[in-house]
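# Breakdown of the fold
Spelled out from the first residue to the last, the chains are:
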Amino acid sequence: MAKGKSGTTVSAVEALVSPALAQLGLRLWDVRFEKEGPDWFLRVFIDRDEPLDMQACEDATRAINPILDEADPIDESYYLEVGSPGLGCKLTRDAHFEAKKGQKVRARLIRPDENGEREIAGILLGKEGGAVTLETENGPVSIETKNASYFKLCDDEDLF
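These figures come from a predicted structure and were not determined experimentally.

### A word on the environment of cysteine 89
Counting through the fold element by element, cysteine 89 comes out in the loop between β3 (79–83) and α3 (94–99). Using a relative accessible area of 7% as the deciding quantity, one classes cysteine 89 as buried. Linking cysteine 89 and glutamine 103, residues 14 residues apart in sequence, is a C-alpha distance of 12 Å. Every residue in contact with cysteine 89, bar those within four places of it in the chain, is listed here: Trp29, Phe151, Lys152 and Leu153.

Okay, here's the thing in structure tokens:
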């Protein structure tokens, strides 16, 4: 394995930590290996059906830290961070769309649609192939993923 390459590193970490997280009743949401200034950060985002708390993040950290230490998939020194994907998290994988079916989602289009809109919000009905379907006020709308810059949860709207 070519260590140090971000894509390969992420894939390796995902394969290593997913089983341990599943034993804790957690889902792996995403893994990011990012450089900030002189430091590298390995960020492991977890999720579950019930709200996450600090104890779940601590348990996940304690479970995956020795696995990463033993496998040593990363050449660089890094800081491990384990946490929630957060409010308004982006949906990027098929598993994300499946897990969040029935929830309110906002899509940001790369170019305005035929009505001049760049944002479409609705209840996520699902993703099939390259299209995401939302139930909007005006009925179901299908959006090709290639035409959207992102899809994200709208669970933070009431906070502001």
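### Overview of the sheet that holds strand β5 (residues 119–128)
An order of β7-β6-β5-β4-β8 is seen for the five strands of this open sheet, with the pairing classed as antiparallel. In this open sheet, the two strands that pair with only one neighbour each are β7 (139–144) and β8 (148–153). Geometrically, the sheet is characterised by an average inter-axis angle of 40° between neighbouring strands, direction not taken into account. As paired elements, strand β6 (residues 131–136) and β7 share six bridges and run antiparallel to each other. Considered in β7, the bridge of valine 132 is made with isoleucine 143.

### Describing unusual backbone geometry
Even without glycine at this site, aspartate 72 takes up a positive phi of about 50°. Mapping aspartate 72 onto the fold places it in the loop between α2 (54–71) and β3.

### A word on the pattern of salt bridges
Taken as a whole and assessed by the stated rule, the structure comprises 16 salt bridges. Among the ionic pairs, glutamate 58 bridges to arginine 62, the shortest N-O distance being 2.7 Å. Taken together, the positions of glutamate 58 and arginine 62, both in helix α2 and four residues apart, correspond to about one turn of that helix. Classification of glutamate 58 as partly exposed rests on a relative accessible area of 35%. Assessed through its relative accessible area of 60%, arginine 62 is described here as exposed. Linked by salt bridges that have partners in common, Glu14, Asp30, Arg32 and Arg93 make up one network.

### Details of the environment of arginine 108
Inspection of the secondary structure assignment puts arginine 108 in strand β4 (residues 104–109). A relative accessible area of 26% places arginine 108 in the partly exposed class. As a C-alpha pair, arginine 108 and phenylalanine 151 span 43 residues in sequence and 6.6 Å in three-dimensional space. Excluding residues that lie within four positions of it along the chain, arginine 108 makes contacts with Arg118, Glu119, Ala148, Ser149 and Tyr150.

Conventions adopted
- The residue numbering used here restarts from 1 in each chain and proceeds along that chain's sequence as written.
- Restriction of local features to residues with pLDDT of at least 70 applies here, the model being predicted, together with a cutoff of 80 or more for giving and counting side-chain atom pairs; totals for whole chains, interfaces and linings are based on all residues.
- Heavy atoms from the whole structure form the basis of all side-chain values; hydrogens and water molecules are not counted.
- Only DSSP runs of H or I covering at least 4 residues are called helices, and only runs of E covering at least 2 are called strands; the numbering of each starts at the N terminus.
- Only protein chains enter the accessibility calculation, which uses a 1.4 Å probe; a residue whose area is less than 20% of its type maximum is buried, one above 50% is exposed, and one in between is partly exposed.
- Contacts: residue pairs with any heavy atoms within 4.5 Å of one another.
- Criterion used throughout: strands pair if DSSP finds at least two bridges between them.
- Orientation is described by axes fitted as lines to C-alpha atoms, over the contacting stretch for helices, and by angles from 0 to 180 degrees between their N-to-C directions.
- Just to be clear on terms, a salt bridge is a Lys or Arg side-chain nitrogen sitting within 4 Å of an Asp or Glu carboxyl oxygen.

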